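Structure at a glance
Take a look at the letters that make up each chain.
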Number of protein chains: 2
Amino acid sequence: MNGAHALMQTLADAGVEVCFTNPGTSEMHFVAALDAEPRMRAVLALFEGVATGAADGYARMAGKPAATLLHLGCGLGNGLANLHNARKGKVPIVNIVGDHATTHTRYDAQLQSDIETVARNVSPGFVRTSQSTAALGQDAVDAIAAARGLPGQVATLILPADVSWGEGGQPCPPPPAPAPQPADDASVQAIAQAIRSGEAALLLGGQALREGGLMAAARIAAHTGAHLFAECFPTRMQRGAGLPAVERIAYLAELAGVQLARFKHLILVDAKSPVSFFAYPGKPSDLVPEGCSVHTLAAPDQDAAASLEKLAAALGAQATAPRLQAAQRPERPRGPLTAPKVCKAVGHLLPENAIVIDESITSGLMLGVMTQGAPRHDLITLTGGAIGQGLPGAVGAAIACPDRPVIALIGDGSAMYTIQALWSMARENLNVTAIIFNNASYSVLNVELERVGAGEGGPKARAQLDLQGPVLNFAQLAQGLGVHAVRASTAEDFCQALEYALAQSGPHLIEALVPESLGGAKRKVLPWMLRAIPSLPPAVAQAIRRKIAP
Amino acid sequence: MNGAHALMQTLADAGVEVCFTNPGTSEMHFVAALDAEPRMRAVLALFEGVATGAADGYARMAGKPAATLLHLGCGLGNGLANLHNARKGKVPIVNIVGDHATTHTRYDAQLQSDIETVARNVSPGFVRTSQSTAALGQDAVDAIAAARGLPGQVATLILPADVSWGEGGQPCPPPPAPAPQPADDASVQAIAQAIRSGEAALLLGGQALREGGLMAAARIAAHTGAHLFAECFPTRMQRGAGLPAVERIAYLAELAGVQLARFKHLILVDAKSPVSFFAYPGKPSDLVPEGCSVHTLAAPDQDAAASLEKLAAALGAQATAPRLQAAQRPERPRGPLTAPKVCKAVGHLLPENAIVIDESITSGLMLGVMTQGAPRHDLITLTGGAIGQGLPGAVGAAIACPDRPVIALIGDGSAMYTIQALWSMARENLNVTAIIFNNASYSVLNVELERVGAGEGGPKARAQLDLQGPVLNFAQLAQGLGVHAVRASTAEDFCQALEYALAQSGPHLIEALVPESLGGAKRKVLPWMLRAIPSLPPAVAQAIRRKIAP
């Protein structure tokens, strides 16, 4: 058995059953081995960023890793941004990067480069170049074990061509499943005491945003008055009618500061202590208010839900009824289309058990509010800030969950990084509705230009932030990639297109032509953000209003 | 003066006058500084691979570096493949990568990653994170000096946001121009002696493929009978009527071995000793035949043209008339379109002083023959094997040479890595004619699957190598990106479209619908390659025929 076949069988035995590929010559033996392993599905991408983003989206929904197949250092480079998003989201991926034969490396041929140095950026915990066909099976097991946890990560296995084609490969049995432990009793007791002292908030992230963790946290909140936050960009968050409503930390540091201002205790549950996304001159990066103590209930390598259950028990909240989100939908929007109306239409029409992928940046500010009481759904967000995640993530999510509708809301700027994902949706006939907000602008950068104190910007600067001259036509792009698409500039047309897309199988793209609503002015942004944050206590809302008054 | 302004002025003072950008928040002060420096042109790309590929194409034609502006580690990752091509082509680029403020790094925010480790892959000679606003001007000078030579390279300057926005910036004067030296007398004499002993070939690369080097090499060839080869994938090669015709080393190692078989001396002139592109089981990677001595006349850090002039003088060939390519064009092709007919049409219609960018992989095999006697032109090829170079390269070449027509021939698979380049062509109204060969296949991989001994491949394997289900529509993609486009499936339509495109200003895309001609069979490829190699001695042609006989 050659190395490629041994690797393929080892992957499948461990439950790695999908491989997102963009192969080249050095990966041909792996490709040839696909037909010998019926458990392995191979999904071709036209660009490596699609393959890696799909592996990310798949694992977020499947709860187990997929493999990638990338072509040397350059293929890894092309896939790096979405592997970064996976790394930040602690998402397991078995990242397989083909390399030249070990005997070829010293000739420094055209495609030769130092793969390991690139891989360390996204795989600090596991980068290994397999050194022999005999060792490849065990290398694969070690990569799978590293990828799966604790916590999940991107494990990069570099596969030289001659290790792949060599004979003497040995499939190896799967590694043991990871077994995360809950918080220890002392930590639970200390945190229970902090919560009892009042003015406490739980910041939920990672695994804590799934149903089990959410329900335990909501019982604690109902019993103690503790506030519930979700991290700003969750890997995967379950929400909607019948689940606890949890307020996300805002992207804008100014607003996050207001959200957090009143708390004396911040309890981290598989979440990172909140920091601003970027640094701004003269402003602190650490968002924890002065005088607030930060406690860690569960680190990412622990069992977040079990830790929350232990905490609920310690607080006597096991039997408390949690406050759950009531079912409610916004009305059907009417008139000229705007970004908030798109969000409203999604809330109005969201089907049961959907997967919502949000990479809509400024255009999706109202999405949270508008879908809060919609039927229960999973929300996937941009964990690492590297735009170009949404469309590939939709590919992976749809392959992980073929029976669930996937709705991806993407900004125009973001969509153009990995637009090639549409072709894979068409080829695999995936149930994805891609909604592109075309406002012809890197809208968030118009905000950021002022926020970093760089002024209004002259015409050359402004030209780096807009997407005009020509304006992109996403419907044409989608059709060129084999995906049915329409453009909508009224709410009526948009709703009709969304109903059609959700009723038909296969991928659809709706290009929402919307005005650039932010216009570069912070004073316009904050009130809008304010409305987007659900269930703020009146005092907090009042504080925000004072803060943003002109 | 803040750091960004000092950096901008330092760049412009050193003649870096174009910046290919895809900025984010951490680069906003650099963006804001653009309007203060009228000498700096900023060209926005929708994807970093376009920005870096454009910087590569620009420098190949302008003979000096452009700057890039990339957003943190993820932006660098997206730009890595085309920086790799630049590195392999020894092309100067001042690669500016924004980073978080130095005070923000320790908070490990969403976009935080280790940028330097990624940068080392493409900038082994110069990676520096600027540590202070006061030092930024000198850091920029050092980066420019490193980029410009000797030889050219990708110099990566990492620019933390607070270094950019901080006050106390000092523009610095330009570094001295590089002054490469010719080969020393002893080397020249030794090589002259080797050439006199007969059965010698010169392998020209890098700077040796410009007019001065080519003419000196052709005088040597005419005087001594030495054969002239060009490296397989030249950075930039001047060719056409009135220049010496130089035979390129073939991509297929089998064929390159035949090309080189009869030589006892191989003289490298700014070229690397030839090795196979990939390794193949049981085949040597080193293409130099046994018993052939390899001599280096000029390394990449030397003056190749001056070295060739010295060698010509040593051989008494200063006054020898070089053999020059006669003006001749293929006839206008007729009938159903095929890839060779596209090449024929390009040869038939190629305008004076064109820049030809070849990333057509298998479809362009006949391009060399068909354009050999066309009007003088520059040829740019895929130096590092990382596909996705051609369309971005065309952006940069057209900006470097606004008065010259740019014709980019691109395979369908390759085009999809950086299709976003079309938008930049439209926005800048560049005189680019992009010809996409749509054969609905990663055609070269069908060949490679068999060459690496992985067999014919089953249906799953084959599905990783074809681009069907759906077939891409590049004309629609181009229109969605704002570029005029047509599809052609006859030679007549193609010629008409090409004439139209060349007669109008601004970008045009012609989608050539061609059959997948290689069909996965080596026996079909080699005869085709054979025809593609010009002016082989009859004995060599005979040897190839024997080698590829069934």
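Since the structure is predicted, the reported quantities are computational estimates derived from the model, not experimental observations. (Residues numbered from 1 in each chain as written. Chains lettered and ligands numbered in written order. Predicted model: local features only at pLDDT ≥ 70, side-chain atom pairs only at ≥ 80, totals over all residues.)

1. Notes on the overall build of chain A
Quick reminder of the rule: Elements are defined by DSSP. Helices are runs of H or I of four residues or more, strands are runs of E of two residues or more, and each kind is numbered from the N terminus. In this setup the radius of gyration rests on C-alpha atoms only. A globule is expected at 2.2 Å times the number of residues raised to 0.38. Remark: C-beta atoms are placed from the backbone, and a residue is labelled buried if 20 or more other C-beta atoms sit within 10 Å of its own, exposed if 12 or fewer do, or partly exposed between those counts. Residue pairs are scored as contacts if the distance between their C-beta atoms, which are placed from the backbone, is within 7 Å.
Within chain A one finds 22 helices and 18 strands. For 550 residues, the compact-globule estimate of 2.2 N^0.38 gives 24 Å, and chain A sits close to it at 24 Å. For chain A, with 550 residues in total, the buried portion stands at 65%. Once local pairs closer than 6 in sequence are excluded, the contacts in chain A between residues at least 24 apart make up 82%.

2. Some remarks on the relation of the copies chain B and chain A
Put simply, the rule reads: The fit set for superposing copies consists of C-alpha atoms from residues with pLDDT of at least 70 in both; the fit itself is least squares.
For these two chains of identical sequence, chain B goes onto chain A by a turn of 180° and a shift of 0.0 Å along the axis, with RMSD 0.0 Å. The relationship between the two copies is best expressed as a two-fold rotation axis. Taken as a fraction of all interface residues of chain B, those also at the interface in chain A reach 100%, which identifies the copy contact as same-surface.

3. Side note on the sheet that holds strand β6 (residues 154-160) of chain B
All names here are of chain B. The following threshold applies: Two strands qualify as a pair provided DSSP detects at least 2 bridges between them. Axis angles are defined between N-to-C directions and span 0 to 180 degrees, where every axis is a line fitted to C-alpha atoms and, for a helix, only to the segment in contact.
Taken together, six strands build an open sheet; the order of strands is β2-β1-β3-β4-β6-β5 and the sheet is parallel. The sheet is open, and its two borders are formed by β2 (41-44) and β5 (127-129), each paired with just one other strand. Sheet twist, expressed as the average angle between the axes of neighbouring strands with direction ignored, equals 20°. One ladder, built from three bridges, connects strand β1 (residues 18-21) with strand β3 (residues 67-71); its direction is parallel. Looking at the pairing, Cys19 lines up with Ala67 of β3.

4. Observations concerning the interface of chain B and chain A
It is common to report an interface's size as the accessible area lost on association of the parts. As a reminder, the rule being used: By the convention adopted, Pro, Cys, Tyr, Trp, Phe, Met, Ile, Leu, Val and Ala count as nonpolar, Lys, Arg, Asp and Glu as charged, and the other residues, Gly among them, as polar.
In this assembly, 84 residues from chain B lie in contact with 84 residues from chain A. The dominant element in the side of chain B that touches chain A, judged by the number of residues it contributes, is helix α4 (residues 72-88) of chain B, at eight residues. Of the residues contributing to the side of chain B that touches chain A, the split by class is 42 nonpolar, 33 polar and nine charged.

5. Some words on the nonpolar core
Taken as a class, soluble globular proteins show a tendency for nonpolar side chains to be buried jointly. Using the following cut-off: Think of a nonpolar core as buried Ala, Val, Leu, Ile, Met, Phe, Trp, Tyr and Cys residues, each tied to the set through C-beta atoms within 7 Å.
In terms of nonpolar packing, the biggest core is built from 410 residues, with Leu204 and Val269 of chain A together with Leu204 and Val269 of chain B touching the most fellow members. Residues contacting Val269 of chain B, with those up to four places away along its chain left out, are Leu202, Leu203, Leu204, Gly205, Ala208, Gly213, Leu297, Ala298, Ala304, Ser307 and Leu308 of chain B.

6. Some words on the environment of Pro176 of chain A
All names here are of chain A. Following the sequence through the fold, Pro176 ends up in the loop between α7 (161-165) and α8 (185-196). Of the residues examined, Pro176 has 8 C-beta atoms within 10 Å and is grouped as exposed. Expressed as a C-alpha distance, the spacing of Pro176 and Arg148, which sit 28 residues apart in the sequence, is 9.9 Å.

7. Things to note about the environment of Leu311 of chain B
Residues and elements named next belong to chain B. Within the secondary structure, Leu311 is located in helix α11 (residues 304-314). Owing to 29 C-beta atoms within 10 Å, Leu311 belongs among the buried residues under this scheme. What Leu311 contacts, discounting residues up to four positions off in sequence, is Val188, Ile191, Ala192, Ile220 and Leu297.

8. Considerations on the sheet that holds strand β14 (residues 377-381) of chain A
All names here are of chain A. Here we have seven strands laid out as an open sheet, ordered β9-β14-β13-β15-β16-β18-β17, and mixed in their pairing. Two strands in the sheet have a free side with no partner beyond their single neighbour: β9 (237-239) and β17 (484-488). Between one strand axis and the next, the sheet turns by 20° as a mean value, whatever way the strands run. In the packing of helix α14 (residues 390-400) onto the sheet, the strands contacted are β13 (354-359), β14, β15 (406-411) and β16 (432-438), and the crossing angle to β15 comes to about 170°.

9. Thoughts on the confidence of the model for chain A
Residues and elements named next belong to chain A. Rules: The predictor attaches a confidence to each residue, and that confidence, scored 0 to 100, is pLDDT.
With 94% of its residues at a pLDDT of 70 or more, chain A shows a mean pLDDT of 94. Segment residues 519-523: pLDDT under 50, and ten contacts once partners within four positions in sequence are set aside and those in other chains are kept. The complex model carries a pTM of 0.96, and its ipTM stands at 0.95.

10. Some words on α11 of chain B
Side chains three or four residues apart in an α-helix point the same way, a direct result of the helix having 3.6 residues per turn. All names here are of chain B. Among the eleven residues of α11, nine are classified as buried, and the element is accordingly described as predominantly covered. Within α11, burial applies to Ala304, Ala305, Ser307, Leu308, Glu309, Lys310, Leu311, Ala312 and Ala314. Contact partners of the buried residues in α11: α8 (185-196), α9 (211-224), β11 (265-269) and β12 (293-298). In the segment just after α11, Gly316 is the residue with positive phi, at about 75°.

11. Concerning the packing of helix α3 (residues 48-62) of chain A against helix α4 (residues 72-88) of chain A
Residues and elements named next belong to chain A. Selection criterion: Under this scheme an angle from 65 to 115 degrees is roughly perpendicular, one under 35 degrees roughly parallel, and one over 145 degrees roughly antiparallel; angles in between are oblique. By convention the crossing between two helices is left-handed if the near helix lies anticlockwise of the far one by an angle smaller than a right angle, and right-handed if it lies clockwise.
At their nearest, the axes of α3 and α4 sit 7 Å apart, and the two run at 25° to each other. Accordingly, the angle class assigned to the pair α3 and α4 is roughly parallel. Handedness of the α3/α4 crossing: right-handed. Residues Glu48, Gly49, Ala51, Thr52, Gly53 and Asp56 of α3 pack against Gly75, Asn78, Gly79, Ala81, Asn82, Leu83, Asn85 and Ala86 of α4. Residues belonging to the contact of α3 with α4 are distributed by class as follows: four nonpolar, eight polar and two charged.

12. Regarding the pairing of strand β4 (residues 93-99) of chain A
Residue and element names in this part refer to chain A. In terms of burial, β4 is a largely internal element, seven of the seven residues being buried. Side chains of β4 alternate between two faces, with Ile93, Asn95, Val97 and Asp99 and Val94, Ile96 and Gly98 buried alike. Pairing between strand β3 (residues 67-71) and β4: five bridges, direction parallel. When the bridges of β4 are listed, His71 appears paired with Gly98.

13. Things to note about the pairing of strand β18 (residues 508-513) of chain B
All names here are of chain B. Selection rule: For a crossover, the right-handed case is the one in which the path from the first strand over the helix to the second runs clockwise, viewed with the strands pointing away from the viewer.
Most of β18 is tucked away: six of the six residues are buried. The two faces of β18 match: His508, Ile510 and Ala512 on one face and Leu509, Glu511 and Leu513 on the other face are all buried. Bridge count between strand β16 (residues 432-438) and β18: six bridges; the pairing is parallel. Residue Phe437 lies in a different strand from β18, and its bridge partner there is Ala512. Pairing of strand β17 (residues 484-488) with β18 involves five bridges; the strand directions are parallel. Its bridge partner being in β18, His484 is matched across the sheet by His508. For the segment spanning β17, helix α20 (residues 491-503) and β18, crossover handedness is right-handed.

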